[in-house]
Amino acid sequence: MSAEASGSSGGCVVNVTGSAPQSTGHAGEEKFERSLTSSKYVKLNVGGTLHYTTVQTLSKEDSLLRSMCDGSTEVTIDSEGWVVLDRSGRHFSLVLNFLRDGTVPLPENSLELEEVLKEAQYYRLQGLVQHCLTTLQTRRDNCWGCHIPMITSAKEEQRIIATCRKPVVKLQNNRGNNKYSYTSNSDDNLLKNIELFDKLGLRFNGRVLFIKDVLGDEICCWSFYGEGRKIAEVCCTSIVYATEKKQTKVEFPEARIFEETLNILIYENGRGSGPGSMALLESGGVSSGVGQSEEDGAGIGGGDRRVRRIHVRRHIMHDERGHGQQTVYKD
């Protein structure tokens, strides 16, 4: 940008386009009403933060910034040739990047995202305004859809499962039930089970109700419900003997858990009441080498349908010295 400065010590007038300078009542600044199109580059002072860009970038969208460039809106220029904008400069880099690329990653923090929305509305950048509004709505929907009820009593659990029209997945996670020390990988596997629960909750958002039980009898156990009845259970905990003492072992049967979650989708929107639903579930069988399946007639709603109980187990395990370990299964 070319600039010519003139004036007395009481004030300096800057002319960006080369036309006759205009005097103002403020020292070091002038109100400038002509366009900036004769200049290729623009220096911007936004609330004290300095930015250097081009007229082409500022003119990409029909906005306040374009009107400043074509002369539709007057601008304030200081004695050093900086176009002064009386706005916070915190998010102006994001505004410029949106103009350059047509899209931009938005802040994760909701308050910061709302600040960006305010700036986009001020500069009349409709593309960025819509981007912010869509992201805010999506985050609100996901936050509501992924709400996880926390079970505090058996009566509450029965009420939620019996009245829910969606399939239900429950993770029972209660470290307080452990009477022994954990095996070396148990803490990591316990965390992996919790992380998988969160991922499944996001993936099947709106289709399956996910609930957590931190007061139950099991350390780590998954339960799957359809139409108010328990369909399957995957117990991830067992008791093992190692070096002549008992230890608690927690497994992470990711494939089995994911399979059972897919299985209960047949109960979505009441589709599990058909004559072929149980046959379809039973045809899945039990993955070889993952666990052993047991069946009984227990369920929230009663009835003669059986529950598949999968207890993850390994027949022989070895400690670090290669000694065999006897496994005691907790049923």
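Residues numbered from 1 in each chain as written. Predicted model: local features only at pLDDT ≥ 70, side-chain atom pairs only at ≥ 80, totals over all residues. Heavy atoms only, no water.

### Some thoughts on the side chain of threonine 261
Relative to the elements of secondary structure, threonine 261 occurs in helix H8 (residues 254–263). Overall, the relative accessible area of 0% leaves threonine 261 in the buried class. In this structure the side chain of threonine 261 is engaged in a polar contact, spanning 2.9 Å, whose partner is the backbone oxygen of isoleucine 257. (Helix = DSSP H or I, 4+ residues; strand = E, 2+ residues; numbered from the N terminus. Buried < 20%, exposed > 50% of the residue type's maximum accessible area, 1.4 Å probe, protein only. Polar contact = N/O pair within 3.5 Å; in protein donor to acceptor, adjacent residues only side chain to side chain.)

### Focus on the packing of helix H7 (residues 186–203) against H8
Direction vectors running N to C along H7 and H8 enclose 30 degrees, while the axes themselves pass 12 Å from each other. Taken together, the axes of H7 and H8 are roughly parallel relative to one another. Note on packing geometry: the crossing formed by H7 with H8 is right-handed. Where H7 approaches H8, its residues Asn193, Leu196, Leu200 and Arg203 are matched on the opposing element by Glu254, Ile257, Phe258 and Thr261. Per-class residue counts for the contact of H7 with H8 are 4 nonpolar, 2 polar and 2 charged. (Axes fitted to C-alpha atoms, helices over the stretch in contact; angles between N-to-C directions. Parallel < 35°, antiparallel > 145°, perpendicular 65-115°, else oblique. Left-handed = near helix turned anticlockwise from the far one by under 90°. Contact = heavy atoms within 4.5 Å. Nonpolar A, V, L, I, M, F, W, Y, C, P; charged D, E, K, R; others polar.)

### Some thoughts on unusual backbone geometry
Where the residue is not glycine, phi is negative for most of them; where a peptide bond is considered, it is trans in most cases. The backbone of arginine 124 shows a phi angle near 60 degrees, a positive value even though the residue is not glycine. Relative to the helices and strands, arginine 124 resides in the loop between helix H4 (110–122) and helix H5 (126–145).

### A few points about the pairing of strand S5 (residues 49–54)
Two elements, strand S4 (residues 41–46) and S5, share 6 bridges in a ladder whose sense is antiparallel. Among the inter-strand pairings, asparagine 45 is bridged to a residue of S5, identified as leucine 50. Here S4 folds back onto S5, and the loop between the two strands holds 2 residues, one of which, glycine 47, carries a positive phi near 60 degrees. (Pairing = 2+ DSSP bridges.)

### Here we look at the pattern of salt bridges
Applying the stated criterion across every chain, the model contains 12 salt bridges. Among the salt bridges present, the one from glutamate 119 reaches arginine 87, with a minimum N-O distance of 2.9 Å. With glutamate 119 in helix H4 and arginine 87 in the loop between strand S7 (83–85) and helix H3 (92–101), this residue pair connects regions lying 32 residues apart in the sequence. With relative accessibility at 9%, the residue glutamate 119 sits in the buried group. Here arginine 207 makes a salt bridge to glutamate 268, at a shortest N to O gap of 2.8 Å. (Salt bridge = Lys/Arg side-chain N within 4 Å of Asp/Glu carboxyl O.)

### Thoughts on the nonpolar core
If you look at the biggest cluster of nonpolar residues, it comprises 31 residues, and the most contacted ones within it are Leu58, Leu65, Phe92, Leu106, Tyr123 and Leu128. Secondary-structure elements contributing two or more residues to this core are S4, helix H1 (55–58), helix H2 (64–70), strand S6 (75–78), S7, H3, H4 and H5. When residues of this core are assigned to their parent elements, the largest contribution, 6 residues, is made by H3. (Core = buried A, V, L, I, M, F, W, Y, C linked by side-chain atoms within 4.5 Å.)

### Some words on the pairing of strand S12 (residues 220–226)
Regular strands place side chains that alternate from one sheet face to the opposite one. Of all the 7 residues making up S12, 7 are buried; the element is thus mostly covered by neighbouring parts of the structure. Along S12, one buried face is formed by Cys220, Trp222, Phe224 and Gly226 and the opposite face, lined by Cys221, Ser223 and Tyr225, is buried too. Note that strand S9 (residues 168–173) and S12 share 6 bridges and pair antiparallel. Counted as the bridge partner of lysine 170 is serine 223 from S12.

### Remarks on the packing of aromatic side chains
All chains considered together, the criterion is met by 7 aromatic pairs. Note on phenylalanine 197 and phenylalanine 210: the rings are 5.6 Å apart at their centroids and 85 degrees apart in plane angle, and the pair reads as edge-to-face. You can see phenylalanine 197 sitting in helix H7 and its partner phenylalanine 210 sitting in strand S11 (residues 209–213), a full 13 residues away along the chain. The class of phenylalanine 210 is buried, set by a relative accessible area of 2%. (Phe/Tyr/Trp six-rings, centres within 6.5 Å; stacked < 30°, edge-to-face > 60°.)

### Looking at H4
Taking 1.5 Å as the rise per residue, H4 with 13 residues should run 18 Å; its terminal C-alpha atoms sit 19 Å apart, in good agreement. Burial in H4 covers these residues: Leu113, Val116, Leu117, Glu119 and Ala120. Along the axis of H4, the buried positions cluster into a sector of 165 degrees, meaning they face one direction only. Along H4, the residues that are exposed and aim more than 90 degrees away from the buried face are Leu111 and Lys118. You can read the cap of H4 off the contacts: a side-chain oxygen lies 2.8 Å from the backbone nitrogen of leucine 111, and it is on asparagine 109. (Expected span 1.5 Å × (residues − 1). Arc of directions from axis to C-beta.)

Purely geometric stuff here, so don't read any function into it on its own.
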